[in-house]
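# Examination of the molecular architecture
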Amino acid sequence: GAVVSQHPSRVICKSGTSVKIECRSLDFQATTMFWYRQFPKQSLMLMATSNEGSKATYEQGVEKDKFLINHASLTLSTLTVTSAHPEDSSFYICSATGQLTSGANVLTFGAGSRLTVL
Amino acid sequence: AQRVTQPEKLLSVFKGAPVELKCNYSYSGSPELFWYVQYSRQRLQLLLRHISRESIKGFTADLNKGETSFHLKKPFAQEEDSAMYYCALFYRQLTFGSGTQLTVLP
């Protein structure tokens, strides 16, 4: 149980285009989803926290107009990188927290999405 | 502000040798601490959490509030333990250390 699917795993796009990354909780309802960014050889940096049905809370220094986060349902959150530039190239990871039918709380990570902006 | 420090970026040990991955944290309250592991080409996954006081794959970690440490230990390292290990602290959000790449040599 507690599986998070993240898609696409890899995406290459041209500078100036927008890219959408999906994060789905497959077998539990994710009350909160987190989006992280990981630069090469660095740690995971939290970008934003999103609760279903409400606006995401962005960390300091993260441009909310550039990184649009939508959490429209309890099983899906999307991150859209708008007008992507080469410096946005990175590894993006989502995680979701919620409760299984057993009552156990879980925090699970997606496999990540490698974005390369040419 | 909460902070997690993993002083070693790289750590190599021989198979069968003991291994310790260091983690220090700074947080004024009572922290909830975790170790996550990322094997090559796999997703980040939870290895253990301090409140469970469990041993996963032979790894243990003890929270030392006096030294503000949560070091990860295993008495006999195996080659399949080679991975990236992240220490993390949770209070409203998960804060990660910079990670330690463990390589277990044959």
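So, here is what we can say about the structure in this document.

About the criteria used
Residues numbered from 1 in each chain as written. Chains lettered and ligands numbered in written order. Predicted model: local features only at pLDDT ≥ 70, side-chain atom pairs only at ≥ 80, totals over all residues. Heavy atoms only, no water. Helix = DSSP H or I, 4+ residues; strand = E, 2+ residues; numbered from the N terminus. Rg over C-alpha atoms; globule rule 2.2 N^0.38 Å. Buried < 20%, exposed > 50% of the residue type's maximum accessible area, 1.4 Å probe, protein only. Contact = heavy atoms within 4.5 Å. Areas by Shrake-Rupley, 256 points an atom, 1.4 Å probe, with all protein chains shown as cover. Lys, Arg positive; Asp, Glu negative; His and termini not counted. Charge placed at Lys NZ, Arg CZ, Asp CG, Glu CD. Buried area = accessible area lost by both parts, 1.4 Å probe. Salt bridge = Lys/Arg side-chain N within 4 Å of Asp/Glu carboxyl O. Polar contact = N/O pair within 3.5 Å; in protein donor to acceptor, adjacent residues only side chain to side chain. Core = buried A, V, L, I, M, F, W, Y, C linked by side-chain atoms within 4.5 Å. Disulfide = S-S within 2.5 Å. Phe/Tyr/Trp six-rings, centres within 6.5 Å; stacked < 30°, edge-to-face > 60°.

### Quick notes on the overall build of chain A
Across its full length, chain A holds 0 helices and 11 strands. In chain A, the succession of α and β elements from N to C terminus is β-β-β-β-β-β-β-β-β-β-β. Computed over C-alpha atoms, the radius of gyration of chain A comes to 14 Å, within 12% of the 13 Å expected from 2.2 N^0.38 for 118 residues, which places it in the range of a compact globule. Dimensions of chain A, computed from C-alpha atoms along their principal axes, come out at roughly 45 × 25 × 25 Å. Out of the 118 residues belonging to chain A, those deemed buried represent 48%.

### A word on the overall build of chain B
Secondary structure summary: chain B contains 0 helices and 11 strands in total. In chain B, the succession of helices and strands from N to C terminus is β-β-β-β-β-β-β-β-β-β-β. Relative to the 2.2 N^0.38 estimate, which gives 13 Å for 106 residues, the radius of gyration of chain B is 13 Å and therefore close to what a compact globule would have. Going through the 106 residues of chain B one by one, you find that 42% of them count as buried. Put simply, of all contacts in chain B between residues at least 6 apart along the chain, 56% involve residues at least 24 apart. Only carbon and sulfur atoms are counted for the fraction: they give 50% of the accessible area of chain B, which is about 5600 Å². Each charge sign in chain B was given a centre, from 13 positive and 9 negative side chains, and these centres are 6 Å apart.

### As for the interface of chain A and chain B
One frequent convention defines the size of an interface as the accessible area lost when the parts assemble. Across the contact, 15 residues belong to chain A and 12 residues belong to chain B. Both sides together, the interface formed by chain A and chain B hides about 1200 Å², and carbon and sulfur atoms give 53% of it. Where chain A touches chain B, the interface holds 0 salt bridges. Run the count over chain A and chain B and you get 3 residue pairs in polar contact (both at pLDDT 80 or more). Examining the composition of the side of chain A that touches chain B, we find that 3 residues originate from one element, strand 4 (residues 29-38) of chain A, more than from any other.

### Points about the nonpolar core
Residues F28, W35, F67, L79, Y92 and L115 of chain A are the most contacted members of the largest nonpolar core, which totals 26 residues. Sorting the residues of this core by element identifies strand 2 (10-13), strand 3 (19-25), strand 4, strand 5 (44-51), strand 7 (67-73), strand 8 (76-81), strand 9 (90-99) and strand 11 (113-117) of chain A as the ones contributing at least two each. In terms of nonpolar packing, the next biggest core, distinct from the first, is built from 24 residues, Y25, L47, A77 and Y85 of chain B among them.

### Description of the state of the cysteines
All names here are of chain A. All chains considered together, the criterion is met by 2 disulfides over all chains. Across the disulfide from C23 sits C94; the S-S distance is 2.0 Å. Residues C23 and C94 are joined by a disulfide whose S-S torsion is about 75°; by sign, that bridge is right-handed. Of this pair, C23 sits in strand 3 while C94 is found in strand 9, placing the two residues 71 residues apart along the sequence. Of the two residues, C23 and C94, both sit in the buried class.

### Notes on the packing of aromatic side chains
Under the defined criterion, the tally for this structure stands at 9 aromatic pairs over all chains. Between F34 of chain B and Y36 of chain B the ring centres are 6.1 Å apart and the planes differ by 35°, which places this aromatic pair in the tilted class. Residue F34 of chain B is classed as buried on the basis of its relative accessible area, which comes to 6%. In this structure Y36 of chain B comes out as buried when scored by relative accessible area, which is 1%. By way of ring pairs, the aromatic residues Y36 and F109 of chain A together with F34, Y36, Y86 and F96 of chain B are connected into one cluster.

Function-wise, these values are silent; they only describe arrangement.
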